[in-house]
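What the coordinates show
One letter stands for each residue in the lines below.
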Amino acid sequence: MTAPVTIVGAGLGGLTLARVLHVHGIPATVYEAEPSAEARTQGGQLDIHENNGQPALEAAGLTEEFRAIIHVGGAASRVLDQHGKVLLDEPDDGDGGRPEVLRGDLRRILLDSLPAGTVQWGRKLTGVRSLGGTRHELTFADDSTVTTELLVGADGAWSKVRPLLSDAQPWYSGYTFVETYLHDADERHPATAEAVGAGAMYALAPGKGICAHREAGGILHTYVELHRPADWVAAIDFTDAAAAKARVAAEFDGWAPELTALITEAGSAPVPRMIHALPDAHRWDRVPGVTLIGDAAHLMPPSGEGANLAMFDGAELGKAIAANPGDLEAALATHEAAMFARSAAEAADAHEILEACLGDRAPFSLIDFFTGG
Ligand SMILES: Cc1cc2nc3c(=O)[nH]c(=O)nc-3n(C[C@H](O)[C@H](O)[C@H](O)COP(=O)(O)OP(=O)(O)OC[C@H]3O[C@@H](n4cnc5c(N)ncnc54)[C@H](O)[C@@H]3O)c2cc1C
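Values in this document were obtained by computation on a predicted structure and should not be read as measured data. Residue numbering note: each chain is counted from 1, following its sequence as written. Where local features are concerned, this predicted model is filtered to residues with pLDDT of at least 70; where side-chain atom pairs are given and counted, the filter is 80 or more; whole-chain, interface and lining totals use all residues. Side-chain figures throughout are based on the complete set of non-hydrogen atoms in the structure, without hydrogens or water.

With that out of the way, let us pick up the packing of aromatic side chains. A pair of Phe, Tyr and Trp rings is counted when the ring centres sit within 6.5 Å of each other, with Trp represented by its six-membered ring. The angle between the planes then sorts it: under 30 degrees is stacked, over 60 is edge-to-face, the rest tilted. In this structure the tally under the stated criterion is six aromatic pairs. Ring centres of Y31 and F140 lie 4.9 Å apart, and the angle between their planes is 35°; on these two criteria the pair is classed as tilted. Remark: F140 occurs in strand β9 (residues 135-140) and Y31 occurs in strand β2 (residues 28-31); sequence separation between them is 109 residues. Judged by relative accessible area, Y31 falls into the buried class, the value being 8%. Between F177 and Y223 the ring centres are 6.0 Å apart and the planes differ by 45°, which places this aromatic pair in the tilted class. Of this pair, F177 sits in strand β12 (residues 171-182) while Y223 sits in strand β15 (residues 219-227), and the two are 46 residues apart along the sequence. The helix and strand labels rest on DSSP assignments: H or I over at least four residues marks a helix, E over at least two residues marks a strand, and numbering proceeds from the N terminus. Partly exposed residues are those whose accessible area sits between 20% and 50% of the maximum for their type, while under 20% is buried and over 50% is exposed, using a 1.4 Å probe and protein chains only.

As structure tokens, then:
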């Protein structure tokens with residue numbers, strides 16, 4: 001094959017695919033809506049798993065670069081009740097099974113590993129149509145067009161490529177995560193820093209929780225997790241930082257102040273992340289010349305797997321294309337069959353994890369989940 005593979009979306013899925021193709025000598029072009037790599041902070045720490053994220057980075061030839069960005073000690077986790085009492089404390093055992101890295105660092109090592117010009121920034125896909133056979137025409141926000149022989153939608157939850165394959169639309173799961181940050185926590189908020197500990201902290205009750213992660217540099221990154229209808233979220237003016245913090249904190253009346261400080265003392269405005277999902281067993285019939293990876297294919301509630309799965313999809317698809325240069329339809333069929341089975345199982349697990357975190361038995365259900373009880 002000579003025409004470059006066309007990838008839409010420079011998230012972790014699309015970039016891993018581009019890199020694995022490059023390792024196999026196959027050119028790719030990635031069209032990304034954001035104007036540059038620095039346009040949006042890639043906040044958040046991800047644990048990279050032995051069974052999907054790590055093998056994907058190995059296929060990308062980036063294991064050494066990945067090892068260099070690990071946040072040592074960050075894999076510790078603890079579960080608290082709403083009074084701040086520690087119910088489970090699991091230190092980072094350092095066995096390397098789930099090392100933590102910053103999403104931005106991971107994206108950077110992938111970007112640095114690609115030939116210059118692979119990622120076309122500021123190219124927002126607005127429409128795509130079939131030209132017959134395996135060919136498609138992409139139209140971008142600047143009215144430019146590109147014709148492809150092999151198109152991969154790695155453009156996340158609201159994929160513009162997905163309608164070529166499926167009518168499915170993400171639905172609101174009923175959960176909203178409100179994101180906050182505390183900076184210089186060890187100096188400015190020592191009780192809160194102590195409560196969070198060295199890694200991840202989950203303070204949970206039925207229907208709500210405060211979950212924080214210690215990031216490098218004394219940063220505490222929090223997701224306030226709430227089971228609430230969409231109109232509850234819509235009624236909060238998140239552009240008014242003080243009012244939004246007060247409104248979200250009001251949901252935690254009576255909780256330990258070192259926990260609610262993760263909301264009330266946040267350095268910037270809280271950001272709501274309404275959690276959407278595609279149907280658990282989302283799949284489609286083969287359409288020549290196009291496929292999906294990552295959230296575009298299998299958006300599911302956060303379970304610590306989404307970014308890992310996106311990278312794994314990218315690596316597996318890259319390997320399948322490299323193994324079948326003369327029969328790309330066979331490569332896409334192989335990729336899709338394996339991805340459908342994998343993501344259906346992971347989506348079921350994701351619902352179980354959400355239930356363990358915020359269901360009627362929280363926080364004890366999460367302790368059972370961690371301890372196999
Ligand atoms: C609150 C929250 C916490 C999470 N925590 C974790 C975690 O701890 N661990 C984990 O593994 N996963 C986690 N996830 C899931 C994870 O973030 C996603 O599954 C993962 O980012 C999917 O990667 P992707 O490459 O498929 O898509 P994305 O990361 O969404 O990347 C898609 C890219 O496509 C671009 N794009 C979109 N539309 C267009 C367009 N029209 N034209 C061009 N480009 C476009 C976007 O700008 C973006 O760069 C979390 C998710 C949420 C919401």
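From this point, the discussion proceeds with the structure in view.
Here the focus is the pairing of strand β1 (residues 5-8). Burial along β1 is two-sided: V5 and I7 facing one way and T6 and V8 facing the other are all buried. Seen with its strands pointing away from the viewer, a crossover is right-handed if its path from the first strand over the helix to the second goes clockwise. At this point the chain moves from β1, through helix α1 (residues 12-23), to the parallel β2, and the crossover so formed is right-handed.

The next subject is unusual backbone geometry. Residue P363 is reached from A362 by a cis peptide bond, and omega for that bond is 5°. When you line up the elements, P363 lands in the loop between α12 (328-358) and α13 (364-371). The phi torsion at D143 lies on the positive side, around 75°, for a residue other than glycine. Residue placement: D143 occurs in the loop between β9 and β10 (145-148). If you check the backbone angles, D184 has positive phi at about 50° while not being a glycine. When you line up the elements, D184 lands in the loop between β12 and α5 (185-188). Residue D184 is classed as partly exposed on the basis of its relative accessible area, which comes to 40%.

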